[in-house]
Amino acid sequence: MTTSAGNARPLRPEQEGADGRSANRAGKDVEAVRALEVADAVEVLGLVASLEHQAFARLADDSRQAPRLEQSLALSRLAARCTERRDRVLARIEELGGDAAAALGRFDGVLTDFDTRTPSSTWAERLLKAYVGYGVADDFCRLVARGLDDESARLVADVLDDVSRSELAVRELDQACAGDAVLSSRLALWGRRLVGEALGVVQRVAQRPEVARVLDRAGAAEATSGAPVTGARAAQTPATVFNELTAEHTRRMSRLRLTA
């Protein structure tokens, strides 16, 4: 009995050439996609590293302005840890073949407008600004990191998992607001202003092509992981990103017993 495979005719030279060109194009397409994903990962890691670099400067300045020596010491130690986290992210950028300094520099001053629009007039306002305003930026990085390769995503999650920065602010603000309804009300209003300005920064960063693509991949990952979504890649659409960031802000304010 003769099989269909046995009766198959050999490919003509022109067919072999066409198949080879098709395979070559497919290989090049895969390489191009991979190169784009790496470039996008370098951009997002540059954002994370830049935020840690700027947090170092901010915490060092906070240490200088702290009203008590104990606070100053704690803040200076937190600042030192920021440099360690920053350098871990920069090392990952170099592992991916990126230029660490260039990636960091592309986000230089990303929070300048936020800082200009939200000057703190008291120590309590300064603490809340660090806890709320910069907390939104960290939350956004956590969301974006879902669209990175596994190793980079784990690194970002680990870097941003250090709760010591927020614990100091929570402890100090709890003490300041205890029995002071006027201060609590004022800080609640301040928190609303901070989150509004911080979300404005997020909106601008999310529009950068590289960041937008990683957000898109994060949405696709959520959709295929069994997480509840409402439509294709809905988990990371801008509206849903802002909803999730706002929900995190509400939880953050609730820890202080302040109205979001």
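Each remark here, short or long, concerns the structure printed above.
For every chain, the first residue of its written sequence is number 1, and the numbers climb from 1 along that sequence. Reporting in this predicted model follows two pLDDT cut-offs: at least 70 for local features of residues, and 80 or more for side-chain atom pairs to be given and counted; totals over whole chains, interfaces and linings ignore these cut-offs and use all residues. Excluding hydrogens and water, the side-chain figures rest on all heavy atoms present in the structure.

Here the focus is the side chain of Arg 58. Secondary structure counts use DSSP, requiring at least four H or I residues in a row for a helix and at least two E residues in a row for a strand, with both numbered from the N terminus. Considering the arrangement of structural elements, one finds Arg 58 in helix H2 (residues 13-65). Buried Arg 58, no salt bridge; nearest opposite-charge side chain is Asp 62, N-O distance 4.6 Å. Aside from chain neighbours lying at most four places away, what touches Arg 58 is Arg 126, Ala 130 and Tyr 134. Note on classification: 1.4 Å probe, protein chains only; a residue is buried when its accessible area is under 20% of the maximum for its type, exposed when over 50%, partly exposed between these limits. Positive: Lys, Arg. Negative: Asp, Glu. His and the chain ends are not part of the count. Salt bridges are counted wherever a side-chain nitrogen of Lys or Arg sits within 4 Å of a carboxyl oxygen of Asp or Glu. What makes two residues a contact is simply this: any of their non-hydrogen atoms within 4.5 Å.

Bringing helix H6 (residues 123-145) into the picture now. Expected helix span is given by 1.5 Å per residue-to-residue step, counting one fewer step than there are residues. For H6, with 23 residues, the first-to-last C-alpha span of 32 Å sits near the 33 Å given by 1.5 Å per residue. Of all bends in H6, the biggest is about 35 degrees, found at Gly 135. With respect to burial, H6 is a largely interior element, 20 of its 23 residues being buried. Two axes enter the definition of the bend at a residue: one is fitted to the seven residues ending there, the other to the seven starting there, and the bend is the angle between them.

So, on to the pattern of salt bridges. Inspection of the entire model under this criterion finds 25 salt bridges. A salt bridge links Glu 52 to Arg 85; its shortest N-O distance comes to 3.1 Å. Taken together, the residues span a long stretch of sequence, with Glu 52 in helix H2 and Arg 85 in helix H3 (residues 69-95) at a distance of 33 residues. You'll find Glu 52 and Arg 85 in the same group, each marked buried. The partner of Arg 81 in a salt bridge is Asp 162, with the nearest N and O atoms 2.8 Å apart. Here Arg 81, found in helix H3, pairs with Asp 162, found in the loop between helix H7 (150-159) and helix H8 (164-177); they are 81 residues apart in sequence, far enough to count as distant.

Pairing of aromatic rings covers Phe, Tyr and Trp, the last through its six-membered ring, and needs centres within 6.5 Å; plane angles under 30 degrees mean stacked, over 60 mean edge-to-face, and all others mean tilted. Going through the model one piece at a time under the given rule, you end up with one aromatic pair. Lysine and arginine charges are scored as sitting over a ring when NZ or CZ, respectively, is within 6 Å of the ring centre and within 35 degrees of the ring normal. One Lys or Arg, Arg 58, reaches over the ring of Tyr 134 and ends 3.6 Å from the middle of that ring. Against the face of Tyr 131 rests Arg 252, its NZ or CZ located 5.8 Å from the ring centre.

All quantities given are derived from atomic positions and should not be read as evidence of function.
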